[in-house]
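# Fold and geometry: a report
Listed below, chain by chain, are the residues.
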Amino acid sequence: MITRRVEEHALELATSAQLPAFVYDLAALREHVSAVRSVLSVPGAPEIFYAAKANPDVPVLNTVAPYVDGIEVASGGELAHVREALPDARIAFGGPGKTDEELDLALRLGVERIHVESPYELSRLARITKDSGREAEIMLRLNLAGDRSGVALAMSGPFGMDPELIDSCTEILATSPQLKLCGIHAHLASGLNDTAMVAQSAEILTWGRAWLDRIGHTGPRDFNLGGGMAVDYSASDTITFDWKRYAENVAALAQPGETLRIEPGRAITVYSGWYITEVLDVKKAHGQWYAVLRGGTMQFRTPVTKQHNQPFTVIHRNQPGPTVTDEPVTMVGQLCTPKDVFARDMPTDHITVGDLVAFSMAGAYAWNISHHDFLMHPKPTFSYLTA
Ligand SMILES: *Cc1c(COP(=O)(O)O)cnc(C)c1O
């Protein structure tokens, strides 16, 4: 699916030789994020911190910011970038392997919360705050085991602390009054539907409350339940995550005195971006039809990293040239590797050299996760449409 604004713009870009292009429909983004905000306004519903790593482009941040409570960043680079773009935003800083320099930057740039990933990180933060006479509000990142089958990405492994490791933080906290424990953070999986997300949130809350009780915690009881709201790339651009039902059910989990928070990325921005390019060649090799597109997965890596067929719309331009009719076509890019595939064996009525292909669901984890310099093709252009 493609919005009319984006299609018209794509045709203009084609005539002025500005493809490939990333085109963002900021009006559509505003509509989506404001709808998410409004269902998450029921009493007890979590605060929303947008995970900047999904798409940190400044126009995207500016569009999202009025409808969220804050921004979650995962590196010193993201932190500096977001602080510059949104000087007043509440920021939460997470991510494994934070360096001393990054922790110091977080204190200097006025991060609201630091999500601590290990006892060693906590001890370094204790020293850095003590040496500089600063305080820091922290959340401990929990890594709970449990069945995450069926999720797109289980965040097991090195993220956060398992229940045994998290216990060793209490000693450091006891001797570091400048570190204010504000609760528990968890981001356990990506790709959960609303029911699975609520069940996982209940699991985090049960564990977190019991642990805070056990250590005799008297400070704020905030629970960051993570991101990972499901996005279904095979559902032709339909928003499959039921935000309304999720909001009602997660809000019901909150107890008096607790603040819940979530940090979605993909499910906020993915629907409002397109990677648009043009067909350079059409040919058949060993029984398989290919459309070779300008650009490639070095600019739009999402289908390769997710191993899926990226949804797309063909915009016909009726130019003369090689064509294929009523055959499945594999869409590839200009890279010299058989892995440069956007979508495999896709049914198409016809596709011809000069046609445009607009890949949708390209608004998150797209350009910014791609290895642009591979083969040194010209960079795509970027457009942010507001009306
Ligand atoms: C990546 C990430 C998110 C956002 O995940 P989405 O799948 O984009 O919603 C949130 N929290 C943490 C800690 C992350 O690493």
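Note on numbering: residues in each chain are counted from 1, in written sequence order. Where local features are concerned, this predicted model is filtered to residues with pLDDT of at least 70; where side-chain atom pairs are given and counted, the filter is 80 or more; whole-chain, interface and lining totals use all residues. In computing side-chain properties, one takes all heavy atoms of the structure into account and sets aside hydrogens as well as water.

## What to know about the site of the ligand
For the ligand, the set of nearby residues contains 14 residues, the closest of which are K53, G228, E263, R266 and Y365. Counted as a polar contact is a pair of N or O atoms within 3.5 Å, where, for protein atoms, one must be capable of donating a hydrogen and the other of accepting one, and residues adjacent in sequence contribute only when both atoms are in side chains. With respect to the ligand, the side chain of K53 contributes an N or O atom lying 2.8 Å from an oxygen atom. Interatomic distance of 2.8 Å between a side-chain N/O atom of E263 and a nitrogen atom of the ligand. Alone, the ligand offers 390 Å² of accessible surface; in the complex the protein occludes 93% of this. Residue classes follow a fixed rule: Ala, Val, Leu, Ile, Met, Phe, Trp, Tyr, Cys and Pro count as nonpolar, while Asp, Glu, Lys and Arg count as charged, and any other residue, Gly among them, counts as polar. Of the residues in the shell around the ligand, the class split is three nonpolar, six polar and five charged. Proximity criterion: a residue is near a molecule or strand once any of its heavy atoms comes within 4 Å of it. Reported accessibility uses the Shrake-Rupley method at a 1.4 Å probe radius. Residues are deemed covered only where the shown protein chains occlude them.

## Here we look at the domain arrangement of the protein chain
Taken domain by domain, the protein chain comprises domain 1 (4-22 + 271-385) and domain 2 (90-264). Note that the domain bounds were set by an automatic or database domain assignment. If you average the C-alpha positions of domain 1 and of domain 2, the two centres end up 38 Å apart. In this description, contact between two residues means that some pair of their heavy atoms is separated by no more than 4.5 Å. Every contact between the two is made by eight residues of domain 1 and, on the other side, nine residues of domain 2. When domain 1 packs against domain 2, the two sides together hide about 710 Å² of surface, and 63% of this comes from carbon and sulfur. Accessible surface is computed with a 1.4 Å probe, and the buried area is the amount of it that two parts give up when combined, taken over both parts together. When the buried area of domain 1 at its contact with domain 2 is split by residue, Y271, K306 and M361 rank highest and sum to 68% of it. By convention in these notes, a salt bridge is any Lys or Arg side-chain nitrogen within 4 Å of a carboxyl oxygen on Asp or Glu. Connecting domain 1 to domain 2 are zero salt bridges. Seen at the junction of domain 1 and domain 2, the total is zero residue pairs in polar contact (both at pLDDT 80 or more). Split by residue class, the side of domain 1 that touches domain 2 holds three nonpolar, four polar and one charged.

## Here's the deal with the sheet that holds strand β8 (residues 179-185)
The criterion for strand pairing is that DSSP finds at least two bridges linking the strands in question. Each helix is a run of DSSP H or I of at least 4 residues and each strand a run of E of at least 2, with the numbering of both proceeding from the N terminus. The strand order around the closed barrel built from eight strands is β2-β3-β4-β5-β6-β8-β10-β11, with neighbouring strands paired in parallel fashion. Mean inter-strand twist for the sheet, computed between neighbouring axes without regard to direction, equals 30 degrees. Sheet analysis places strand β5 (residues 113-116) next to strand β6 (residues 136-141), joined by three bridges and oriented parallel. Within β6, the residue paired with V116 across the bridge is L140. Running over the sheet, helix α9 (residues 194-214) touches β6, β8, β10 (221-224) and β11 (258-262) and is turned about 150 degrees from β10. Fitting a line to C-alpha atoms yields each axis, with helices limited to the stretch in contact; the angle taken between N-to-C directions then spans 0 to 180 degrees.

## Looking at the nonpolar core
Within the largest apolar cluster, 100 residues are counted, with the highest numbers of intra-cluster contacts made by I71, I138, L140, Y246 and M331. In terms of residues, this core owes the most to one element, α9, which gives seven residues. Looking at which domains feed residues into this core, each of domain 1 (4-22 + 271-385) and domain 2 (90-264) gives three or more. Those residues in contact with I71, other than ones at most four positions away along the chain, are F49, Y50, A52, L61, V82, L86, A89, R90, I91 and A92. Nonpolar cores were defined as sets of buried Ala, Val, Leu, Ile, Met, Phe, Trp, Tyr and Cys residues, with membership established by side-chain atoms within 4.5 Å. To sort residues, take the accessible area from a 1.4 Å probe on protein chains only and compare it with the maximum for the residue type: under 20% means buried, over 50% means exposed, and anything in between is partly exposed.

## Details of the packing of aromatic side chains
Stacked, tilted and edge-to-face are the three classes assigned to paired rings of Phe, Tyr and Trp, where Trp is represented by its six-membered ring and a pair needs centres within 6.5 Å; plane angles under 30 degrees give stacked, over 60 edge-to-face, the rest tilted. Using the criterion set out here, one finds 17 aromatic pairs in the structure. Judged by centre distance (5.2 Å) and plane angle (70 degrees), the ring pair of W367 and F382 falls under edge-to-face. A residue pair is termed long-range when its members are at least 10 positions apart, and W367 in the loop between β17 (356-359) and β18 (381-385) and F382 in strand β18 qualify at 15 residues. Following the ring pairs from residue to residue traces out a cluster consisting of F22, Y24, Y275, F300, F312, F342, F359, W367, F382 and Y384. In this structure, R261 packs its charged tip against the face of F49, placed 4.0 Å from the ring centre. Lysine NZ or arginine CZ positioned within 6 Å of the ring centre and within 35 degrees of the ring normal marks a charge as sitting over the ring.

## As for the packing of helix α2 (residues 26-39) against helix α10 (residues 243-251)
Where α2 contacts α10, the axes come no closer than 9 Å and their chain directions differ by 30 degrees. It follows that α2 is roughly parallel to α10 by the angle criterion. In this structure, the crossing between α2 and α10 has a hand that is right-handed. Residues H32, V36 and V39 of α2 touch α10, and the partners they reach there are W243, K244 and A247. Small angles under 35 degrees read as roughly parallel and large ones over 145 as roughly antiparallel, with 65 to 115 read as roughly perpendicular and the rest as oblique. Crossing handedness: left-handed means the near helix sits turned counterclockwise from the far one by under a right angle, and right-handed means the same turn made clockwise.

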